[in-house]
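# A structural walkthrough
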Amino acid sequence: MVNMQAQQQPQMPRLPAARRPDLELRELLEANLRALHAIFEDHQRTLAASLRKVTELHAEIRSLGTAEAPWVMALEQSRALLYVALRELIVGNNDAGVSLAMPRT
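Residues numbered from 1 in each chain as written. Predicted model: local features only at pLDDT ≥ 70, side-chain atom pairs only at ≥ 80, totals over all residues. Heavy atoms only, no water.

### Examining the overall build of the protein chain
Across its full length, the protein chain carries three helices and zero strands. Shown N-terminal to C-terminal, the secondary structure of the protein chain runs as helices and strands in the order α-α-α. When the accessible surface of the protein chain is totalled, it reaches about 10,400 Å², and 63% of it is carbon and sulfur. (Helix = DSSP H or I, 4+ residues; strand = E, 2+ residues; numbered from the N terminus. Areas by Shrake-Rupley, 256 points an atom, 1.4 Å probe, with all protein chains shown as cover.)

In structure tokens:
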């Protein structure tokens, strides 16, 4: 009867002598800290790259607003070309006498 009671009780698994719960917790916390450190460094690199990109974009946007910007120069050249082309179209060739001279202001 004593043997039957011993067989019916579930026995708790024993921890090996080298495996202590406080050491497992410490290892777990250290692993967690290393993982958090890696995530932190990754976020720092991502933020630094984003900041560099924003700085570059800011410089490009500022350069668009200057008078020396390529689009301003192209617009100015187009305006001058259109002015000359329209003047020739309206006034015509003075030698042919096709149209009247444009009044000068």
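So, next bit.
### What to know about the pattern of salt bridges
With the rule as written, the count across this model stands at three salt bridges. In this structure, Glu-30 engages Arg-26 in a salt bridge whose closest nitrogen and oxygen atoms are separated by 3.2 Å. Residue Glu-30 and its partner Arg-26 are located together in helix α2 (residues 21-64), separated by four residues, close to a single helical turn. Among the residues examined, Glu-30 registers a relative accessible area of 33% and is labelled partly exposed. Among the ionic pairs, Lys-53 bridges to Glu-56, the shortest N-O distance being 3.9 Å. Here Lys-53 and its partner Glu-56 are both found in helix α2, three residues apart, which amounts to about one turn of the helix. (Salt bridge = Lys/Arg side-chain N within 4 Å of Asp/Glu carboxyl O. Buried < 20%, exposed > 50% of the residue type's maximum accessible area, 1.4 Å probe, protein only.)

### Concerning the confidence of the model for the protein chain
Of all residues in the protein chain, 69% have pLDDT values of 70 or greater, and the mean over the chain is 78. Confidence, read as mean pLDDT per element, is least for helix α1 (residues 2-8) in the protein chain (54) and greatest for α2 (92). (pLDDT = per-residue confidence, 0-100.)

### So, a nonpolar patch on the surface
On the surface, a cluster of nonpolar side chains totalling about 440 Å² of accessible area is made up of Leu-82, Leu-86, Leu-89 and Ile-90. Along the polypeptide, Leu-89 turns up in helix α3 (residues 70-91). (Patch = residues over 30% accessible without salt bridge, like charges linked within 9 Å, V, L, I, M, F, W, Y side chains within 5 Å.)

### Things to note about the environment of Ala-69
Looking at the secondary structure, you find Ala-69 in the loop between α2 and α3. Residue Ala-69 is classed as buried on the basis of its relative accessible area, which comes to 2%. If near-sequence neighbours (up to four positions away) are discounted, Ala-69 is found in contact with Ser-63 and Leu-64. (Contact = heavy atoms within 4.5 Å.)

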